[in-house]
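# A closer look at the structure
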Amino acid sequence: MPTLFERIISGEIPAERVYEDAHCVAFRDIAPQAPTHVLVVPRKPVTSLDGDLSMELAGHLLFAARTVARQEGLMDGYRVVINCGADGGQSVDHLHLHVMGGRQMDWPPG
């Protein structure tokens, strides 16, 4: 069964896309935790950071996160978060990077 993110990537579920290329899609989070909260997901279904992830795709996803942050005007800073596994807070079994900004980010995050 396709994950929620696979269904968004295919267009079956609508999302506000802000960036996409041959390797990934970025769209606004439906439950934002910051004024800007965008998810960057690979088109290839990779379960998590511990999944079948190549160095090239990992680097591309970080590059896409930086591109999204710049496009969104997060010039004062932003946070990129990758939750890995249930104890790490991952709720969808499809690798995704959270790009968050537009406010001061607290530390530790939670």
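Reference entry: report on the structure contained in this document. Owing to the predicted nature of the structure, the values given are computational and were not obtained by experimental measurement.

### Looking at the overall build of the protein chain
Along the backbone of the protein chain there are two helices and five strands. Going residue by residue from the N terminus, the α and β elements of the protein chain occur as α-β-β-β-α-β-β. Taking 13 Å as the expected radius of gyration for a compact globule of 110 residues, we find that the protein chain reaches 13 Å, a close match to that expectation. Its C-alpha atoms give the protein chain principal-axis dimensions of about 40 × 30 × 25 Å. The buried share of the protein chain, taken over its 110 residues, is 37%. In the protein chain, of all internal contacts separated by at least 6 residues, the share reaching a separation of at least 24 is 54%. As presented, the protein chain carries roughly 6,600 Å² of accessible surface, and 54% of it is formed by carbon and sulfur atoms. Mean positive and mean negative side-chain charge positions of the protein chain (9 and 14 charges, respectively) differ by 5 Å.

### So, the sheet that holds strand S3 (residues 36-42)
Strand order across the open sheet formed by five strands is S1-S2-S3-S5-S4, with antiparallel pairing between neighbours. This sheet does not close on itself; its edge strands, each paired only once, are strand S1 (17-20) and strand S4 (78-81). Neighbouring strand axes in the sheet, compared pairwise and without regard to direction, differ in orientation by 20° on average. One ladder, built from five bridges, connects S3 with strand S5 (residues 97-101); its direction is antiparallel. For Leu-39, the partnering residue across the bridge sits in S5 and is His-98. Strands in contact with helix H2 (residues 55-71) are S1, strand S2 (24-28), S3, S4 and S5; relative to S3, the strand with the most contacts, it is inclined by about 155°.

### Section: a nonpolar patch on the surface
A surface patch of nonpolar side chains, amounting to about 390 Å² of accessible area, comprises Leu-49, Leu-62, Tyr-78, Val-80 and Ile-82. Note that Leu-62 resides in helix H2.

### So, the pattern of salt bridges
A pair can form between side chains of opposite charge whenever their charged atoms are brought close. This model, assessed by the stated rule, comprises six salt bridges. A salt bridge links Arg-7 to Glu-12; the nearest nitrogen and oxygen atoms lie 3.0 Å apart. Of the charged contacts in the structure, one is a salt bridge between Lys-44 and Asp-52, with a shortest N-O distance of 3.5 Å. Taking the relative accessible area as the measure of exposure, Asp-52 reaches 59% and is therefore exposed. A single network of salt bridges, built from pairs that share partners, joins Glu-16, Arg-28 and Glu-72.

### Some remarks on unusual backbone geometry
Note the cis peptide between Trp-107 and Pro-108, where omega equals 0°. Within the fold, Pro-108 resides in the segment after S5.

### Re the nonpolar core
Tyr-19, Ala-26, Val-40, Leu-61, Val-68 and Val-99 are the most contacted members of the largest nonpolar core, which totals 17 residues. Of all the secondary structure elements, the ones that give two or more residues to this core are S1, S2, S3, H2 and S5. At six residues, H2 tops the list of elements feeding residues into this core. The residues contacting Tyr-19, other than those within four sequence positions of it, are Cys-24, Val-25, Ala-26, Ala-64, Thr-67, Val-68 and Gln-71. Residues Phe-5, Val-25, Val-41 and Val-92 belong to the second largest nonpolar core, which totals eight residues.

About the cut-offs
- The residue numbers shown here count from 1 along each chain, following its written sequence.
- Two thresholds apply to this predicted model, a pLDDT of at least 70 for residue-level local features and 80 or more for giving and counting side-chain atom pairs, whereas whole-chain, interface and lining totals are computed over all residues.
- Side-chain metrics in this entry use all non-hydrogen atoms of the structure; hydrogen atoms and water are not considered.
- Secondary structure elements follow DSSP: runs of H or I no shorter than four residues count as helices, runs of E no shorter than two count as strands, and numbering proceeds from the N terminus.
- The atom set for the radius of gyration is the C-alpha atoms, and the globule formula is 2.2 Å times the number of residues raised to the power 0.38.
- Burial classification: accessible surface area is computed with a 1.4 Å probe over protein chains only, and a residue below 20% of its type maximum counts as buried, one above 50% as exposed, and the rest as partly exposed.
- Contacts are assigned to residue pairs that have any heavy atoms within 4.5 Å of one another.
- Under the convention used here, a 1.4 Å probe and the Shrake-Rupley method define accessible areas, while residue burial counts only the protein chains that appear.
- Neither His nor the chain ends contribute to the count of charged residues, in which Lys and Arg are positive and Asp and Glu negative.
- Throughout, a charge is located at the NZ atom of Lys, the CZ atom of Arg, the CG atom of Asp or the CD atom of Glu.
- Here, any two strands with at least 2 DSSP bridges between them count as paired.
- Here an angle of 0 to 180 degrees is reported between the N-to-C directions of two axes, which are lines fitted to C-alpha atoms, with helices fitted over the stretch in contact.
- Patch building starts from residues that exceed 30% relative accessible area and form no salt bridge, then joins like charges within 9 Å and nonpolar side chains (Val, Leu, Ile, Met, Phe, Trp, Tyr) within 5 Å.
- By definition, a salt bridge exists where a carboxyl oxygen of Asp or Glu is found within 4 Å of a side-chain nitrogen of Lys or Arg.
- To define a nonpolar core, start from buried Ala, Val, Leu, Ile, Met, Phe, Trp, Tyr and Cys residues and group those joined through side-chain atoms within 4.5 Å.

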